[in-house]
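These are the residues of each chain, in order.
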Amino acid sequence: MKSVALALGGGGARGIAHIAVFETLDEMGIRPTAIAGTSIGALLGAAYASGMSGKDIRRHVTALANDRSGLFRKLLAARAGGSLGSIITSGFRSATLIDAEKFCAQFLPTAVPSDFEQLAIPLTVIASDLYARREAAISKGPLRSAVAASMAIPGMSRPVLFEGRVLVDGGATNPLPFDKLRDKADIVIAVDVAGRPAQAKSEIPNALETYLATILVMAETIIEEKLRHGGPDITLRPNVGVFRTLDFLRVGAILRAAEPTKTELREKLSQLLL
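The numbering scheme is per chain: residues are counted from 1 as the chain's sequence reads. The predicted nature of this model means local features are confined to residues of pLDDT at least 70 and side-chain atom pairs, given and counted, to a pLDDT of 80 or more, with totals for whole chains, interfaces and linings taken over all residues. The side-chain numbers reported here are obtained from all heavy atoms of the structure, hydrogens and water having been left aside.

Enquirer: Kindly report on unusual backbone geometry, identifying the contributing residues and their values.
Expert: Phi is positive for Ser-39, close to 55°, though the residue is something other than glycine. With respect to the secondary-structure elements, Ser-39 resides in the loop between strand 2 (34-38) and helix 2 (40-49). Counting from the N terminus, the helices are the DSSP runs of H or I reaching at least four residues and the strands are the DSSP runs of E reaching at least two.

See below:
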């Protein structure tokens, strides 16, 4: 059988749609030879690369969303300004920032190992080197720190110091890293969860929504430019544009919206495997 590699994009809560792709590959009996992920794609990619099934990951994220009190306790524990003393001395400036490494410690499944070498499937995590102003593709070393760096959205999460480099969200440089897989499989599947706009809008968003939407504008611009220079064999765009970046409590609705992606992937992949 031809080999398959999987590129998982960033998009906040919309990235939960990746689970539908995992489940389809499981149902078809296909195990990727390599995975590359950015931001939420790095987090879920790490879970899948660890050997968890798509259904295992579905159960994990559903349980998190359904336990709202537990969810907020985890978020509180992931604050960058964890202690009362540090919040006071910083003048509350860091109290609302998330420590990305603490976040990963709270939300990553326990099945995800501490090092890349322990994964069942080779994984490349994309972050952005803040001072070198370029992409940082990580495939060895401390896995959880790499995933944290890939998810460290500027202004919301504190940057991550990783092996001497200050790293932030991978979406700033490579929001859909299919280019990292071209020589690693016969068929490359890319999952773009940035989400096309559901409809035209005219209301003025608040500052946070404006910031997060602007990140999506930049991500889509980067992706479109990359596609001009050669795209993956299959590009999937789950219909999740109606959801906001921080809609993590809407796991069930996002998974239902992603369900048609299963049929699309099965049909397209079956043709390429002939």
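So that's the structure; there's more coming.
Enquirer: Explain the confidence of the model for the protein chain to me, using residue names and the numbers behind them.
Expert: Here the protein chain averages 91 in pLDDT, and 93% of its residues register 70 or above. One confidence number per residue, pLDDT, is output by the predictor and ranges from 0 to 100. Here a residue-residue contact requires only that any non-hydrogen atoms of the pair lie within 4.5 Å. Predicted confidence for residues 84-95 stays below pLDDT 50, and this span has 8 contacts to residues more than four positions away or in other chains.

Enquirer: Requested: an account of the pattern of salt bridges, with residues and values cited.
Expert: By convention in these notes, a salt bridge is any Lys or Arg side-chain nitrogen within 4 Å of a carboxyl oxygen on Asp or Glu. Taken as a whole, this structure holds 15 salt bridges when the rule is applied. Here Arg-266 and Glu-27 are joined by a salt bridge, their closest N and O atoms 2.6 Å apart. A residue pair is termed long-range when its members are at least 10 positions apart, and Arg-266 in helix 9 (residues 251-273) and Glu-27 in helix 1 (residues 18-27) qualify at 239 residues. The exposure class assigned to Arg-266 is partly exposed, which follows from its relative accessible area of 29%. Taking relative accessible area as the criterion, Glu-27 reaches 46% and is therefore assigned partly exposed. Residues participating in the shared-partner salt-bridge network are Glu-23, Arg-58, Glu-259 and Lys-262. Buried, partly exposed and exposed residues are distinguished by accessible area as a fraction of the type maximum, computed with a 1.4 Å probe on protein chains only: under 20%, between the cut-offs, and over 50%, respectively.

Enquirer: Explain the environment of Leu-255 to me, using residue names and the numbers behind them.
Expert: Looking at the element boundaries, Leu-255 is found in helix 9. Residue classification places Leu-255 among the buried residues on the basis of a relative accessible area of 4%. Separated by 178 residues in the primary sequence, Leu-255 and Ala-77 place their C-alpha atoms 27 Å from one another.

Enquirer: Pulling in residues and values, what's your account of the nonpolar core?
Expert: Within soluble globular proteins, side chains that are nonpolar generally end up buried alongside one another. Buried Ala, Val, Leu, Ile, Met, Phe, Trp, Tyr and Cys residues that are joined via side-chain atoms within 4.5 Å together make up what is termed a nonpolar core. One finds Leu-6, Leu-25, Leu-123, Ile-189 and Leu-269 to be the most contacted residues of the largest nonpolar core, which totals 61 residues. In terms of residues, this core owes the most to one element, helix 2, which gives 8 residues. Apart from residues lying up to four places away in sequence, Leu-269 is in contact with Val-4, Leu-25, Met-28, Ile-30, Ile-187, Ile-189 and Ile-234.

Enquirer: Quick one: what's the story with the side chain of Asp-247, residue by residue and with numbers?
Expert: Within the secondary structure, Asp-247 sits in the loop between strand 10 (234-236) and helix 9. Note on Asp-247: relative accessible area 8%, which makes it buried. A distance of 2.8 Å separates a polar atom in the side chain of Asp-247 from the backbone nitrogen of Arg-244. With residues near it in sequence (within four places) discarded, Asp-247 still touches Ala-13 and Ile-254. As used in this structure description, the phrase polar contact means that two N or O atoms lie within 3.5 Å; if the pair is within protein, one of them must be able to donate a hydrogen and the other to accept it, and residues adjacent in sequence are counted only when both atoms belong to side chains.

Enquirer: Lay out the packing of aromatic side chains with the relevant residues and their values.
Expert: Pairing of aromatic rings covers Phe, Tyr and Trp, the last counted by its six-membered ring, and requires centre-to-centre distances within 6.5 Å; plane angles under 30 degrees mean stacked, over 60 mean edge-to-face, and any other angle means tilted. Counted according to the given criterion, the structure contains 2 aromatic pairs. Lysine and arginine charges are scored as sitting over a ring when NZ or CZ, respectively, is within 6 Å of the ring centre and within 35 degrees of the ring normal. When the ring centre of Phe-178 is taken as origin, the NZ or CZ atom of Lys-226, which lies over that ring, is 4.2 Å away.

Enquirer: I'd like a description of a nonpolar patch on the surface, backed by residues and values.
Expert: Taken together, the side chains of Leu-208, Tyr-211, Leu-246 and Phe-248 present a nonpolar region at the surface, about 320 Å² in accessible area. Position of Leu-246 among the secondary structure elements: in the loop between strand 10 and helix 9. Here, patches come from residues exposed beyond 30% relative accessible area and free of salt bridges, joined within 9 Å for like charges and within 5 Å for nonpolar side chains (Val, Leu, Ile, Met, Phe, Trp, Tyr). Using a 1.4 Å probe, the Shrake-Rupley method yields the accessible areas, and only the shown protein chains count as cover for residues.

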